[in-house]
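# Topology and contacts: notes
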Amino acid sequence: LETKGVELYLKYTQSTVSAQMEAGPDYNVELSEEEKQGLSRAAIKRKEAELTAKLKASGAVITGNVCQQLAKVYNTAVTHLRHHLPMVAYALGDADGDAALVQLVHVEVEKRAVAIIRSYTRERELALHETKAERIANAIEERYTSGVGLQETSLGPLTSLGLGVGGDSAQTALERAKLGASEDDCGFTAEVGQLVDVDAAMEEAALCLQHTESYERFIRHAVDEVTKARKLRLSQKIEEKRHKREIEEQKRLEQEADTGTRLTPAEEEALKKKQQEEEKEDEELMKKPIEILPPHTKLNDIVAEVGGYYSGLERSLLLAGMQRAFMNANFPDERHYSPMAVINSVSGGGGGGQQNVIPQHGEAGCNALQTSVIEECLYAAQRSTLRAFATGHTGTASVAANYCADILGRFLLEVLNKRAEMGANLLKPGEGLLDGRGGLGQAAQNLMNTAQKGLRGGANVVRGKGGNNPGVGGGKNLDHEETPEVIQARIAMGVARACANTNDLEVAVEYTRRLEKKFASEIDSSYPRGHETEQLRMCVKSLGPVTDSFRDASNSAIQNLISVIMPRVRSIVNDAVGQDGAGAGTASFGAVMGGVGGGMGGGGGGIGGGGSRFNYDLDEAAFELAQISEGYMDKLCSSLDDLINPLRVHLAPRLADILVIDVLGGASKRIEAAIRRTQFTALGALSLDSDIRNFINYSKDRVDSPELKSNVSLCKACKPLARLAQIALLMNVDDLDDVLDLIASSKRKGNWDLKLDDAKAFLNLRVDFEGRKVNELLRVQGED
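The text that follows walks through the structure, step by step, so that each part is easy to find. This one's a predicted model, so the numbers in the text were calculated from it and none came from an experiment.

## Observations concerning the overall build of the protein
Each helix and strand in the protein was counted, giving 29 helices and 2 strands. Residues counted as buried form 48% of the 784 residues belonging to the protein. The contacts in the protein between residues at least 6 apart in sequence include a share of 81% that link residues at least 24 apart.

## A few points about the pattern of salt bridges
Following the criterion strictly, the structure yields 40 salt bridges and no others. Arg315 is the partner of Glu141 in a salt bridge, and the nearest nitrogen-oxygen pair spans 2.9 Å. Within this pair, whereas Glu141 is found in helix α6 (residues 126-145), its partner Arg315 is found in helix α12 (residues 298-330), the two being separated by 174 residues in sequence. What makes Glu141 buried here is its relative accessible area of 9%. The salt bridge partner of Glu510 is Arg514, with a shortest N-O separation of 3.3 Å. Of the two residues, Glu510 and Arg514 both sit in helix α17 (residues 484-526), 4 residues apart, roughly one turn of that helix. Among the residues examined, Arg514 registers a relative accessible area of 43% and is labelled partly exposed. In the salt-bridge network here, residues are joined through shared partners; they are Asp199, Glu203, Glu314, Arg383 and Arg387.

## Let's talk about a negative patch on the surface
The grouping of Glu277, Glu279, Glu281, Glu283 and Glu284 at the surface amounts to a negative patch. Tracing the chain through its elements places Glu283 in helix α11 (residues 265-287).

## Focus on the environment of Thr212
Here Thr212 is to be found in helix α10 (residues 195-259). Distance in space between the C-alpha atoms of Thr212 and Ile117 is 9.9 Å, their sequence separation being 95 residues. Those residues in contact with Thr212, other than ones at most four positions away along the chain, are Leu70, Tyr74, Ile117, Leu299 and Val303. One polar contact links the side chain of Thr212 to the main-chain carbonyl oxygen of Cys208, over a distance of 3.0 Å.

## Quick word on the nonpolar core
Residues Phe326, Phe389, Leu408, Phe550, Leu659, Ile675 and Phe695 are the most contacted members of the largest nonpolar core, which totals 189 residues. When sequence neighbours within four positions are dropped, the list of residues in contact with Phe695 reads Met633, Cys637, Leu640, Leu664, Ala667, Ser668, Ile671, Leu721 and Leu724. By size, the runner-up hydrophobic cluster in this structure holds 5 residues, among which are Tyr337, Met493, Ala496 and Ala500.

## Looking at unusual backbone geometry
With a phi close to 55°, Asp96 is a non-glycine residue in the positive phi region. Within the secondary structure, Asp96 is located in the loop between α4 (66-92) and α5 (97-124). For Asp96, a relative accessible area of 24% gives the class partly exposed. In this structure, Glu125 is a non-glycine residue whose phi angle is positive, near 50°. Looking at the element boundaries, Glu125 is found in the loop between α5 and α6. Using a relative accessible area of 40% as the deciding quantity, one classes Glu125 as partly exposed.

## Quick look at the packing of helix α22 (residues 632-648) against helix α24 (residues 682-702)
Put simply, α22 and α24 touch, their axes get as near as 11 Å, and they point 15° apart. Classified by the interaxial angle, the pair formed by α22 and α24 is roughly parallel. Of the two possible hands of crossing, α22 and α24 adopt the one that is right-handed. The segment α22 lies against α24, with Tyr632, Met633, Cys637, Leu640, Asp641, Ile644, Asn645 and Arg648 engaging Asp691, Phe695, Tyr698 and Arg702.

## Notes on the layout of surface pockets
Estimates place the volume of the largest pocket at around 610 Å³. What lines the largest pocket is a set of 20 residues, among which Asn711, Cys715, Ala725, Gln726 and Asn751 lie closest to the centre. When residues of the lining of the largest pocket are traced back to their parent elements, those giving at least two are α24, α25 (711-717), α26 (719-731) and α27 (737-749). The element that contributes the greatest number of residues to the lining of the largest pocket is α26, accounting for 6 residues. The class makeup of the residues in the lining of the largest pocket is 8 nonpolar, 6 polar and 6 charged.

## A closer look at the packing of aromatic side chains
All chains considered together, the criterion is met by 12 aromatic pairs. Seen from their ring centres, Tyr616 and Phe680 are 5.1 Å apart, and the 10° between their planes marks the pair as stacked. Here Tyr616 is found in the loop between α20 (589-593) and α21 (620-628), whereas its partner Phe680 is found in the loop between α23 (653-675) and α24, with 64 residues between them in sequence. Classification of Phe680 as buried rests on a relative accessible area of 0%. With centroids separated by 6.2 Å and ring planes inclined at 15°, the aromatic side chains of Phe695 and Tyr698 adopt a geometry described as stacked. Taken together, the positions of Phe695 and Tyr698, both in helix α24 and 3 residues apart, correspond to about one turn of that helix. On the accessibility criterion, Phe695 (0% relative accessible area) is buried. Residue Tyr698 is classed as buried on the basis of its relative accessible area of 1%. Every member of this aromatic cluster is reached through a ring pair, and the members are Phe614, Tyr616, Tyr632 and Phe680.

## Regarding α27
When α27 is considered as a whole, its buried residues turn out to be Val739, Leu742, Ile743 and Ser746. Along the long axis of α27, the arc covered by the buried residues comes to 95°, so they all point the same way. Relative to its buried face, α27 has exposed residues pointing more than 90 degrees away, namely Asp737, Asp741 and Arg748. Residue Gly750 follows α27 closely and has a positive phi angle near 80°.

## A short note on the packing of α10 against helix α14 (residues 372-390)
Contact geometry for α10 and α14: axes closest at 8 Å, N-to-C directions at 25°. Here α14 runs roughly parallel to α10, going by the angle between their axes. On α14, the residues touching Asp199, Met202, Glu203, Ala206 and Gln210 of α10 are Arg383, Arg387 and Ala390.

The rules behind each value
- Residues numbered from 1 in each chain as written.
- Predicted model: local features only at pLDDT ≥ 70, side-chain atom pairs only at ≥ 80, totals over all residues.
- Heavy atoms only, no water.
- Helix = DSSP H or I, 4+ residues; strand = E, 2+ residues; numbered from the N terminus.
- Buried < 20%, exposed > 50% of the residue type's maximum accessible area, 1.4 Å probe, protein only.
- Contact = heavy atoms within 4.5 Å.
- Salt bridge = Lys/Arg side-chain N within 4 Å of Asp/Glu carboxyl O.
- Patch = residues over 30% accessible without salt bridge, like charges linked within 9 Å, V, L, I, M, F, W, Y side chains within 5 Å.
- Areas by Shrake-Rupley, 256 points an atom, 1.4 Å probe, with all protein chains shown as cover.
- Lys, Arg positive; Asp, Glu negative; His and termini not counted.
- Charge placed at Lys NZ, Arg CZ, Asp CG, Glu CD.
- Polar contact = N/O pair within 3.5 Å; in protein donor to acceptor, adjacent residues only side chain to side chain.
- Core = buried A, V, L, I, M, F, W, Y, C linked by side-chain atoms within 4.5 Å.
- Axes fitted to C-alpha atoms, helices over the stretch in contact; angles between N-to-C directions.
- Parallel < 35°, antiparallel > 145°, perpendicular 65-115°, else oblique.
- Left-handed = near helix turned anticlockwise from the far one by under 90°.
- 1 Å grid on protein atoms, 1.4 Å probe; cavity = no way out; pocket = protein on both sides within 12 Å on 5 of 7 lines; lining within 4 Å.
- Points joined across faces, edges and corners; volume = space filled by probe spheres on them.
- Nonpolar A, V, L, I, M, F, W, Y, C, P; charged D, E, K, R; others polar.
- Phe/Tyr/Trp six-rings, centres within 6.5 Å; stacked < 30°, edge-to-face > 60°.
- Arc of directions from axis to C-beta.

That's the geometry; what it means functionally is another story.
If you want it as structure tokens, here you go:
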């Protein structure tokens, strides 16, 4: 009878569910804004209800889009199961009516949903578009990783920095070039479509996958609940049978006691065997599984197929979005740059990186900028990946997470590296915006000459584009010659924008870390625990190495910039100590950039002029004169400020510290080389000690990190500077007998890097020490 009841109920369910699914999606007529004019809310609702009823009564077929069609099918199934499954489980559960109901409903859903999705893939031509998108994505990668898409504009590097060479005509040409470049998008618009249209199509596909995955989770949950209920019913039946056997056994024993009879051994054996067989049947019944739904259905197959198309198109859309960001970066305006957003997070490291401390004027990073490239690219990656996560389909989400990590860690990293290299080349002293040995860099000198000659609208006139801010563009014609202050601001803005390319790598470190954290949080809140979810989590964790690669690239970029400016550092030291000729008194960058960061000692005049030569062979008169006059060290520090301050205030603090430490190291090596060629008196050694102390104090003032503010930490970070301090300490011994104690004490403290040969060479520079005694003393120390 129960089996017949299940059969009849399934026929009723099939007819009911089929009729509701075939009815098409629900549709309500909505009045336009013009039709709503003058009507109350109640009147609007009544009129919309009347129009909806009239439309349905007319028999018009309303199909709706793919998402509406799927929603109708899935919602019908879910609603029916929620209302009927508890009742069927209670009344017909013994005949597995609940399992049969779930199977029937899923068959009806699968039949219609697979047909709807297949029709959607054919109408949208997903396979064809995915093939085209993959080809275009590869072309985009090839263009920008090879550097072709990042070539400087034909208007020159100053235009690419937003400095506006050539007046309004150049700006017009820049806009034309930008428009032309936007049309060359590797065929994405022609082959796939406009970015907005493709994005809308991805939203539709994601919603389709999301609806299907939501139904899949519901039906699997329903299967689990039916399975649990079936096991519970079986266990109750087995318990009832066991209890019944126990009662029968108890009655038999009582009857035997009353009659005084017992079963024969054969009868007892047969009874025992019967009980064992019944228990074995019960155990097998509990262990016997019932397959309500197969592990993998046709609906899973079609979803996996659509997910593959979706992932390929999403990857192409992500690369196209990044391509648009790179195109805008090739032709930047003031909107392309903004103050560095994560300056404190990347500078502090660890817990201190979360402190919201804004750098003050003159401090490292106080004027640091970043480009819009990072925010646009990381936003595109976040939007693309989170949309895939929103589908709920772990396979699609895992592919999207892998694509995100691959594009960021390979494609974007390569592009940012090339942009940082281009920025470093724009800063090259003597050829770019920084001053060289002969004075201002070529680019800065062009701007300076324009201001001095008072040319208006010529090829080298730099026109303002930002109202009262001359460094930020905005289309305002000049009717007067530009002053040196205006030129100063423009050069500073050029340096800031060139440094922004390097800062982008530092920003990418923090943004990628945040992205990984956001994805992990999304998994925790949206995905059930399971093997597939753990696989997805591992895909997201692949962003960790991407973060490390950005940090390594940031370090490499700052090292590249250091290698670009290091020849100028060596030239500054050579000029200051009087080697390779004294520098000419040309106008230096400090004369134009004096307002940026501040310099030690004023920063005027030439380098290596009279009274500032490197000399430590001093008698008393020369020593007294050295104490009251400006020495080479003051001018050396001033010249170094002219070079590094424009960079220090425009770089991220961590990068600024690396640059300062390396520049100090390069200068220290040159100073040590000069010391090796100089004779010293005892008074000259005292003068050297004073100069090195001043240089160390200057160094501590120029680093940003609190960890580098002590002499010990600074010397550990900059070994050449530590050697200078040790040399000064060694040269100031009063007696040779104190040398061994000095070396032994310093070694115990772990702050001695000089070899015995070095110590011997430096002590031999003291004119009051006999070379024979020095050699004998240190030879004995070496033997010990």
